[in-house]
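A look at the structure
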Amino acid sequence: MVQPNSKSPWGNHFAFLHVPIPKVKPSDSQFSNPLKFVLKAHEVIKRKRSSFGGVLMGKLLQIMMKCRDAEAVAKHISRTSRNSSTVISNVIGPVEKLSLGNHPTRGMYFTAAGTPASLGVMIFSYAGNLRVAVRAEQGFINSELYTCSLLDAFDMILHDA
């Protein structure tokens with residue numbers, strides 16, 4: 001939770017970072033190391049996040065919300081996500097464990113249903129644990145190959161880090 005009198009923004013905030021995803025070929029030595037790929041992606045996202053485009057989009061959405069209504073903003077967000085092939089979303093969850101009806105919650109995930117993108121990656125933190133949910137159109141990716149590749153990449157990153 002945000003501390004009282006904190007300078008952190010509170011509430012729902014949207015920003016769109018249009019980041020190109022490179023086509024990776026097995027022969028491409030630049031992307032053979034997953035840690036290098038993650039660091040390069042982090043560098044690109046960091047550069048885009050501090051660009052004027054992200055700030056301008058945030059201000060545009062705030063102005064749309066004040067001048068029109070939440071439905072107009074929702075239509076704009078839907079149109080933007082409809083023109084995207086991949087959507088990545090993150091939510092900062094509760095720091096402490098929750099309970100529902102005096103039953104402790106061991107974990108929870110967040111995902112956005114009904115988004116038109118072919119691939120969705122939702123990142124959620126809950127009680128100090130990071131949860132990642134991946135949603136894809138049926139037949140868009142081979143789930144067995146994806147799981148195997150993801151586990152290999154995590155092992156390589158853990159080994160190199």
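That block above? That's the structure.
For the structure given in this document, a descriptive report is provided here.

**Some words on the sheet that holds strand E1 (residues 86–92)**
With mixed pairing, the 3 strands of this open sheet are ordered in space as E1-E4-E5. On the outer flanks of this sheet lie E1 and strand E5 (129–136), each paired with one strand and no other. Averaged over all neighbouring strand pairs, the angle between strand axes comes to 15 degrees, with direction disregarded. In this sheet, E5 lies alongside strand E4 (residues 119–126) in antiparallel orientation, the contact comprising 8 bridges. The residue of E5 that forms the bridge with Phe124 is Arg131.

**Some words on the nonpolar core**
Within the largest apolar cluster, 6 residues are counted, these being Phe16, Met57, Leu61, Met64, Val73 and Ile77. Within the residue set of this core, elements represented by two or more residues are helix H2 (52–67) and helix H3 (70–82). With 3 residues, the single largest contributor to this core is H2.

**Considering the packing of H2 against H3**
Two numbers describe how H2 lies on H3: the axes approach to 8 Å, and their chain directions differ by 145 degrees. Residue-level contacts link Met57, Leu60, Leu61, Met64 and Met65 of H2 to Ala70, Ala72, Val73 and His76 of H3. Taken together, the residues of the contact of H2 with H3 sort by class into 8 nonpolar, 1 polar and no charged.

**Things to note about H2**
Helix length check: H2, at 16 residues, gives a terminal C-alpha distance of 22 Å against a target of 22 Å (1.5 Å per residue), a fit within 8%. Among all positions in H2, only Gly54, Met57, Gly58, Leu61 and Met64 are buried. Along the long axis of H2, the arc covered by the buried residues comes to 125 degrees, so they all point the same way. What points out from H2, more than 90 degrees from its buried face, is the exposed set Phe52, Lys66 and Cys67. Elements in contact with the buried residues of H2: H3.

**With respect to helix H4 (residues 143–160)**
Every α-helix carries 3.6 residues per turn, so stepping three or four residues along brings you back to the same face. In a regular helix each residue adds 1.5 Å, so 18 residues correspond to 26 Å; H4 covers 25 Å between its end C-alpha atoms and thus fits that length. By the N-cap criterion, in which a side-chain oxygen at the helix start approaches the backbone nitrogen of a residue two or three places on, H4 is capped by Asn142, the distance to Glu144 being 3.2 Å.

**A closer look at the pattern of salt bridges**
Under the criterion given, the structure shown has 2 salt bridges. A salt bridge links Glu43 to Arg47; the nearest nitrogen and oxygen atoms lie 4.0 Å apart. Residue Glu43 and its partner Arg47 are located together in helix H1 (residues 34–49), separated by 4 residues, close to a single helical turn. Judged by its relative accessible area of 52%, Arg47 falls in the exposed class. Its salt-bridge partner being Lys75, residue Glu71 comes within 4.0 Å of it at the nearest N-O pair. Here Glu71 and its partner Lys75 are both found in helix H3, 4 residues apart, which amounts to about one turn of the helix. When its relative accessible area of 48% is taken as the criterion, Lys75 is described as partly exposed.

**Let's talk about a nonpolar patch on the surface**
A cluster of nonpolar side chains, Leu130, Val132, Val134, Phe140, Ile141, Tyr146, Leu150 and Phe154, forms an exposed patch at the surface whose accessible area comes to about 690 Å². Of all the elements in the fold, those that place two or more residues in the nonpolar patch are E5 and H4. Looking at the element boundaries, Phe140 is found in the loop between E5 and H4. A relative accessible area of 42% places Phe140 in the partly exposed class.

Thresholds applied
- Residues numbered from 1 in each chain as written.
- Predicted model: local features only at pLDDT ≥ 70, side-chain atom pairs only at ≥ 80, totals over all residues.
- Heavy atoms only, no water.
- Pairing = 2+ DSSP bridges.
- Helix = DSSP H or I, 4+ residues; strand = E, 2+ residues; numbered from the N terminus.
- Axes fitted to C-alpha atoms, helices over the stretch in contact; angles between N-to-C directions.
- Core = buried A, V, L, I, M, F, W, Y, C linked by side-chain atoms within 4.5 Å.
- Buried < 20%, exposed > 50% of the residue type's maximum accessible area, 1.4 Å probe, protein only.
- Contact = heavy atoms within 4.5 Å.
- Nonpolar A, V, L, I, M, F, W, Y, C, P; charged D, E, K, R; others polar.
- Expected span 1.5 Å × (residues − 1).
- Arc of directions from axis to C-beta.
- Polar contact = N/O pair within 3.5 Å; in protein donor to acceptor, adjacent residues only side chain to side chain.
- Salt bridge = Lys/Arg side-chain N within 4 Å of Asp/Glu carboxyl O.
- Patch = residues over 30% accessible without salt bridge, like charges linked within 9 Å, V, L, I, M, F, W, Y side chains within 5 Å.
- Areas by Shrake-Rupley, 256 points an atom, 1.4 Å probe, with all protein chains shown as cover.

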